[in-house]
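Residue-level listing of the chains:
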Amino acid sequence: MPAVNAIKGIGHRTINAVWRIGVATRFFMLTLTHSGSGFRRFHLIIKELFSTGVMSLIIIIVAGLFVGMVLGLQGYETLKRYGSESALGSMVALSLVRELGPVVAALLFASRAGSAMTAEIGLMRATEQISAMEMMAVNPIARIVAPRFWAGVISMPLLAALFSAVGVFGGYLVGVVQIGVDEGSFWSQMQAAVDFREDYGSESALGSMVALSLVRELGPVVAALLFASRAGSAMTAEIGLMRATEQISAMEMMAVNPIARIVAPRFWAGVISMPLLAALFSAVGVFGGYLVGVVQIGVDEGSFWSQMQAAVDFREDILNGVIKSFAFGIVVTVIALFEGYDAPPTAEGVSGATTRTVVTSSLAILMLDFVLTAIMFRGT
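About the thresholds
Residues numbered from 1 in each chain as written. Predicted model: local features only at pLDDT ≥ 70, side-chain atom pairs only at ≥ 80, totals over all residues. Heavy atoms only, no water. Salt bridge = Lys/Arg side-chain N within 4 Å of Asp/Glu carboxyl O. Helix = DSSP H or I, 4+ residues; strand = E, 2+ residues; numbered from the N terminus. Buried < 20%, exposed > 50% of the residue type's maximum accessible area, 1.4 Å probe, protein only. Expected span 1.5 Å × (residues − 1). Bend = angle between axes of the 7 residues up to and from the residue. Polar contact = N/O pair within 3.5 Å; in protein donor to acceptor, adjacent residues only side chain to side chain.

1. Overview of the pattern of salt bridges
Turning to step 1, where the next piece is worked out: Within the structure shown, the criterion is met by 4 salt bridges.
Turning to step 2, where the next piece is worked out: Where arginine 266 meets glutamate 238, a salt bridge forms, and the shortest distance between an N and an O atom there is 3.0 Å. On the criterion of sequence distance, the pair formed by arginine 266 in helix 12 (residues 258-297) and glutamate 238 in helix 10 (residues 206-244) is long-range, its members being 28 residues apart.
Turning to step 3, where the next piece is worked out: The class of arginine 266 is buried, set by a relative accessible area of 19%.
Turning to step 4, where the next piece is worked out: Residue glutamate 238 is classed as partly exposed on the basis of its relative accessible area, which comes to 38%.

Right, here's the structure in full:
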């Protein structure tokens, strides 16, 4: 009987997933179909461009600057091992333009603009504004959805380009101004877009590069950003809803301390789980690098693992990554819990608190990452 129930549960979830994919596909096609009327009301798209694009500039610029500065610090330390410090400019530029710029900018865009769109349209649905439009023969897809869709499509590439440009400037500040890399080499190598595999013959160092990138930076940082988007926003929304529905006030009336009952367990859950999630992220990332580098590209398997073992130091790399994860877990969890506990007891207040949680946490993660990186590698 338990096996039958498990199979039924899997089937039910599969059917629901397929159904939601179909509904989402139909929704997307309707959005494209009604985009013409949206462009005829171009002022609506301009308004949404301001809301989604211009209002995201601060987080994109600040995040890009700190990501570039961290790339400069960590990239110099890694390249110095192979006597390739002059290639710092190309490494920073290629990392940003090819991967980090589009990916991190998209994560921040989803955190800031995406969550705001969802909260806004969801609130319209909850307060029956969409139903009122339909009763007045106003198509909500054309009036509400299409302008926001095209605003996101237009603004996202521009924000990613801005993120990469500011990140390159951050790498320049750290690499040239602070560390002292030759300015001419920095810019010339960047312009030439050097291919490391062809020009430096460092294919065997792929394992160490993948491991160091994940253990030192990408593992803790990206896992923390995802943790803030998933768990942090959920904490804020849950506690904010408790505040809005007066559950917290009821606890206080019954002499139950809401901090001890609600906040403290979630705080320690976040602090404990964040390093574990970051470690899992790094381990799976190393396996992904192995699949591509060794299985697909054909890098020597022995060199891949031996270079990784030789390059990764427990204290300087793994332990520092764990410290970063703990710090990120504390910061993200505190921000999420505070925003939820302090949220105004309204639907708008809860949605705004959720957006602030993700945005503030993302900026705090990137700023703290640079500070911790500068402290941990100040002697290198």
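Read on for the rest.
2. Examining the environment of alanine 165
Turning to step 1, where the next piece is worked out: Residue placement: alanine 165 occurs in helix 7 (residues 140-179).
Turning to step 2, where the next piece is worked out: For the pair alanine 165 and glycine 68, spaced 97 residues apart in the sequence, the C-alpha separation amounts to 9.1 Å.

3. Focus: helix 7
Turning to step 1, where the next piece is worked out: The end-to-end C-alpha distance of helix 7 is 55 Å, a good match for the 58 Å that 40 residues give at a rise of 1.5 Å each.
Turning to step 2, where the next piece is worked out: In helix 7, a bend of some 35 degrees at alanine 146 exceeds every other bend along the element, and proline 147, a proline, comes one to four places later.
Turning to step 3, where the next piece is worked out: Put simply, asparagine 139 is the residue that caps the front of helix 7, since its side-chain oxygen is 2.9 Å from the backbone nitrogen of isoleucine 141.
Turning to step 4, where the next piece is worked out: Just downstream of helix 7 lies glycine 180, where phi reads positive at about 105 degrees.

4. Some words on unusual backbone geometry
With glycine set apart, most residues show a phi of negative sign, and most peptide bonds adopt trans.
Turning to step 1, where the next piece is worked out: Notably, alanine 137 is not glycine yet its phi reads approximately 60 degrees, a positive angle.
Turning to step 2, where the next piece is worked out: Residue position: alanine 137 is located in the loop between helix 6 (129-135) and helix 7.
Turning to step 3, where the next piece is worked out: Given the relative accessible area of 73%, alanine 137 is considered exposed.
Turning to step 4, where the next piece is worked out: The backbone of alanine 255 sits at a positive phi, close to 65 degrees, despite the residue not being glycine.
Turning to step 5, where the next piece is worked out: Relative to the helices and strands, alanine 255 resides in the loop between helix 11 (247-253) and helix 12.
Turning to step 6, where the next piece is worked out: Residue class for alanine 255 comes out exposed when judged on its relative accessible area of 71%.

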